[in-house]
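# Residue-level structure breakdown
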Amino acid sequence: QVQLVESGGGLVQAGGSLTLSCAASGHFFSVRSMGWYRQAPGKQRELVAAAISGGSTNYATSVKGRFTISRDNDKNTVYLQMNSLRPEDTGVYYCNANVWSTSYYLKDYWGQGTQVTVSS
């Protein structure tokens, strides 16, 4: 079983910055990827950014140039630095981890979600 603990959400004015963090713990072999999704009211959950083992990253078009995802593999922690925040970035941000179990199968895990609210 894997637990994801998120922190860093909050209320910020447009143009401001926030940093989210998510730490994975539990019994597993390794973490293949970690990333962030968000869900705005009335909308589907969407990928914001992901960091894959090996160093590659993937961003939603709407956040490119403003958000930066990074991983600390030793701590199984992922960070999302969010700059130049816009009201449309408002939503619940969920951490996701794609994890290799000790039996060598992949499974997705989700954090509980952290609210990010950007005021105009």
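Structure: above.
Residues numbered from 1 in each chain as written. Predicted model: local features only at pLDDT ≥ 70, side-chain atom pairs only at ≥ 80, totals over all residues. Heavy atoms only, no water.

As a further point, take the state of the cysteines. Tallied over the full model, the rule gives one disulfide. Each sulfur in the disulfide pair Cys-22 and Cys-95 lies 2.1 Å from the other. With the S-S dihedral at roughly -85 degrees, the linkage between Cys-22 and Cys-95 falls on the left-handed side. Of this pair, Cys-22 sits in strand S3 (residues 18-26) while Cys-95 sits in strand S9 (residues 91-100); the two residues are 73 residues apart in sequence, bridging distant segments of the chain. Pair check on accessibility: Cys-22 and Cys-95 agree, each one buried. (Disulfide = S-S within 2.5 Å. Helix = DSSP H or I, 4+ residues; strand = E, 2+ residues; numbered from the N terminus. Buried < 20%, exposed > 50% of the residue type's maximum accessible area, 1.4 Å probe, protein only.)

Turning next to unusual backbone geometry. One non-glycine residue, Asn-76, adopts positive backbone phi at about 50 degrees. Backbone geometry places Ser-84, a non-glycine residue, at a positive phi of 50 degrees. Looking at the element boundaries, Ser-84 is found in the loop between strand S8 (77-82) and S9. According to the relative accessible area criterion, Ser-84 is partly exposed, its value standing at 41%.

Right, let's talk about a nonpolar patch on the surface for a bit. Judged by side-chain polarity, Phe-29, Trp-100, Tyr-104 and Leu-106 come together as a nonpolar surface patch covering roughly 420 Å² of accessible area. Examined against the element boundaries, Trp-100 turns out to sit in strand S9. (Patch = residues over 30% accessible without salt bridge, like charges linked within 9 Å, V, L, I, M, F, W, Y side chains within 5 Å. Areas by Shrake-Rupley, 256 points an atom, 1.4 Å probe, with all protein chains shown as cover. Salt bridge = Lys/Arg side-chain N within 4 Å of Asp/Glu carboxyl O.)

On to the packing of aromatic side chains. Scanning the model with the defined rule gives two aromatic pairs in all. On the numbers, 5.1 Å between centres and 70 degrees between planes, the contact of Phe-29 with Tyr-104 is edge-to-face. Remark: Tyr-104 occurs in the loop between S9 and strand S10 (106-110) and Phe-29 occurs in the loop between S3 and strand S4 (30-39); sequence separation between them is 75 residues. Classification of Phe-29 by relative accessible area gives partly exposed; the value is 49%. Residue Tyr-104 is classed as exposed on the basis of its relative accessible area, which comes to 54%. Judged by centre distance (5.0 Å) and plane angle (65 degrees), the rings of Tyr-37 and Trp-110 are edge-to-face. Of this pair, Tyr-37 sits in strand S4 while Trp-110 sits in strand S10; the two residues are 73 residues apart in sequence, bridging distant segments of the chain. Take Tyr-37: its relative accessible area is 24%, and that puts it in the partly exposed class. (Phe/Tyr/Trp six-rings, centres within 6.5 Å; stacked < 30°, edge-to-face > 60°.)

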